[in-house]
Amino acid sequence: MTNKESILSKDGVSYVLPFILVTFCFALWGFANDITNPMVKAFSKIFRMSVTEGSLVQVAFYGGYFAMAFPAAMFIRRYSYKAGVLMGLGLYAVGAALFFPAKMTGNYYPFLLAYFILTCGLSFLETSCNPYILTMGSEATATRRLNFAQCFNPCGSILGMFVAMNFIQNRLDPRDTEARALLSDTDFEALKQSDLSVLIAPYLMIAAVIAVMFLVIYFARMPKNGDGNEGDGIGITLKRLCGLVRYREGVIAQFFYVGAQIMCWTFIIQYGTRILVDQTPTGLETRILGLLGIDADGVITEKAAEVLSQGYNILAMMFFICSRFICTYFLKYVKPGMLLGVLAVVAGILTAGVIGFENRAGLYCLVGVSGCMSLMFPTIYGIALKGLGLDAKFGAAGLIMAILGGSVLPPVQAAIIDCGTVCGLPSTNASFVLPFICFVVVAAYGFRTKHEA
């Protein structure tokens with residue numbers, strides 16, 4: 001049997017086409033995740049809010065994951081993985097389309113509702129697609145297969161970042177936060193409506209793309225692995241899952257990992273802006289700004305710093321993608337838990353640099369952290385679900401609920417950032433002690449499971 005067959009076949013059945021279709025969904029939710037991270041800064045500016053208020057975007061976004069994970073698992077258990085994927089795509093499209101009526105109200109909170117509905121769809125998708133991928137081949141290659149599928153998630157993420165940088169951040173009115181605060185109510189309202197028109201356009205386009213994807217999967221023949229068998233009662237299943245130390249600790253590790261990921265990718269904008277504003281641009285930064293039509297003479301303005309920070313975020317995501325392919329290859333030779341633990345330790349060291357450096361070196365460390373994070377989500381997922389059989393449907397829900405870390409922890413970091421100075425450090429730097437703690441938890445889980453296959 002070839003290596004390819006061992007990854008994408010089982011009992012003589014090839015899963016190549018279903019794997020491709022489901023893997024495309026990984027890219028779709030990656031797009032949603034990473035077009036959203038810069039919106040904390042964008043909404044804060046558009047509605048003249050604090051960073052803490054802007055971070056409610058992440059609360060609504062990742063709150064949807066938490067709220068819908070177990071209903072999604074019950075739905076999938078009752079029907080099928082394919083039905084779960086279709087439900088997820090439908091809610092995703094509806095949530096994205098709701099950005100238009102939200103813009104018409106001119107208020108912030110309808111956008112939060114749209115984000116919540118959108119991410120209810122993403123919760124369905126992740127609860128369905130991750131365990132579905134695990135079934136598309138032998139159990140021995142399940143973690144490697146999931147890591148391979150997850151390699152395409154950051155491809156969508158990079159596209160989301162690119163769209164956010166070029167079609168939202170770069171097209172918003174260039175007036176900075178202080179200048180907007182001086183506008184009259186009438187002028188501010190006109191500016192707000194103009195900026196919101198810019199912001200919603202990509203979401204309406206992705207709603208159309210999702211609708212097409214819905215139809216493709218609806219008419220495609222998909223495998224029925226695990227369908228039609230509801231297993232034991234919910235109470236018995238949950239009791240059995242909670243009794244498994246590897247699974248229980250996996251949910252905790254996933255909570256802290258997702259929190260670290262979202263904090264690093266959301267607040268790189270604030271971190272980079274603080275470092276780059278009023279600095280002389282490097283040659284590369286000057287060329288990037290020139291390509292985007294932004295004046296790069298003299299010192300870096302707030303808008304230019306925000307755009308450049310998103311550029312560094314894209315660089316971080318490219319590093320993330322390359323690292324995931326490399327780490328997936330190494331999983332052929334190194335136990336997943338061991339590799340997870342080592343990468344978490346390196347991530348912690350780099351995060352210490354993010355905290356300690358007050359110049360571009362800290363920004364470079366923050367980019368480096370993404371390379372270490374590349375393996376973490378699917379590896380924690382694969383280790384925690386290993387050998388669960390039909391219980392994997394509810395087990396997957398618990399791991400998706402752990403994405404709540406992306407809702408709970410960023411507002412705490414935002415509150416620290418709003419302090420100004422903490423223990424003699426700029427609060428933006430000091431706030432990265434939270435991701436540092438998260439990586440300590442992930443490292444502990446990796447080394448505790450280092451003997452897992």
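Keep in mind it's a predicted model, so treat the numbers as computed, not measured. (Residues numbered from 1 in each chain as written. Predicted model: local features only at pLDDT ≥ 70, side-chain atom pairs only at ≥ 80, totals over all residues. Heavy atoms only, no water.)

A. Looking closely at the pattern of salt bridges. Enumeration over the complete set of coordinates arrives at five salt bridges. Of the charged contacts, one joins lysine 45 and glutamate 306 as a salt bridge, the two residues approaching to 3.2 Å between their closest N and O atoms. Of this pair, lysine 45 sits in helix 3 (residues 39-46) while glutamate 306 sits in helix 17 (residues 302-330); the two residues are 261 residues apart in sequence, bridging distant segments of the chain. When its relative accessible area of 7% is taken as the criterion, lysine 45 is described as buried. Ionic pairing is found between glutamate 189 and lysine 192, a salt bridge with its closest N-O pair at 3.1 Å. (Salt bridge = Lys/Arg side-chain N within 4 Å of Asp/Glu carboxyl O. Helix = DSSP H or I, 4+ residues; strand = E, 2+ residues; numbered from the N terminus. Buried < 20%, exposed > 50% of the residue type's maximum accessible area, 1.4 Å probe, protein only.)

B. Spotlight on the nonpolar core. Phe43, Tyr92, Leu199 and Met376 are the most contacted members of the largest nonpolar core, which totals 144 residues. When sequence neighbours within four positions are dropped, the list of residues in contact with tyrosine 92 reads Leu28, Trp29, Phe31, Ala32, Leu118, Gly121, Leu122, Leu125, Ile206 and Ile210. (Core = buried A, V, L, I, M, F, W, Y, C linked by side-chain atoms within 4.5 Å. Contact = heavy atoms within 4.5 Å.)

C. Local environment of helix 21 (residues 392-401). Most of helix 21 is tucked away, with 10 of its 10 residues classed as buried. Among the residues of helix 21, those classed as buried are Ala392, Lys393, Phe394, Gly395, Ala396, Ala397, Gly398, Leu399, Ile400 and Met401.

D. Summary view of the packing of helix 10 (residues 153-169) against helix 17. Where helix 10 meets helix 17, the axes come as close as 9 Å, and the angle between the chain directions of the two elements is 170 degrees. One finds that helix 10 runs roughly antiparallel with respect to helix 17. On helix 17, the residues touching Asn153, Pro154, Cys155, Ser157, Ile158, Met161, Phe162, Ala164, Met165 and Gln169 of helix 10 are Lys303, Glu306, Val307, Gln310, Gly311, Asn313, Ile314, Met317, Met318, Phe320, Ile321 and Arg324. Of the residues in the contact of helix 10 with helix 17, the class split is 13 nonpolar, six polar and three charged. (Axes fitted to C-alpha atoms, helices over the stretch in contact; angles between N-to-C directions. Parallel < 35°, antiparallel > 145°, perpendicular 65-115°, else oblique. Nonpolar A, V, L, I, M, F, W, Y, C, P; charged D, E, K, R; others polar.)

E. Highlighting unusual backbone geometry. A positive phi angle, close to 55 degrees, is found at arginine 48, a residue other than glycine. Along the chain, arginine 48 turns up in the loop between helix 3 and helix 4 (51-54). Judged by its relative accessible area of 32%, arginine 48 is partly exposed. A positive phi angle, near 50 degrees, is found at cysteine 423, a position not held by glycine. Considering the arrangement of structural elements, one finds cysteine 423 in the loop between strand 3 (421-422) and strand 4 (425-426).

That's the geometry; what it means functionally is another story.
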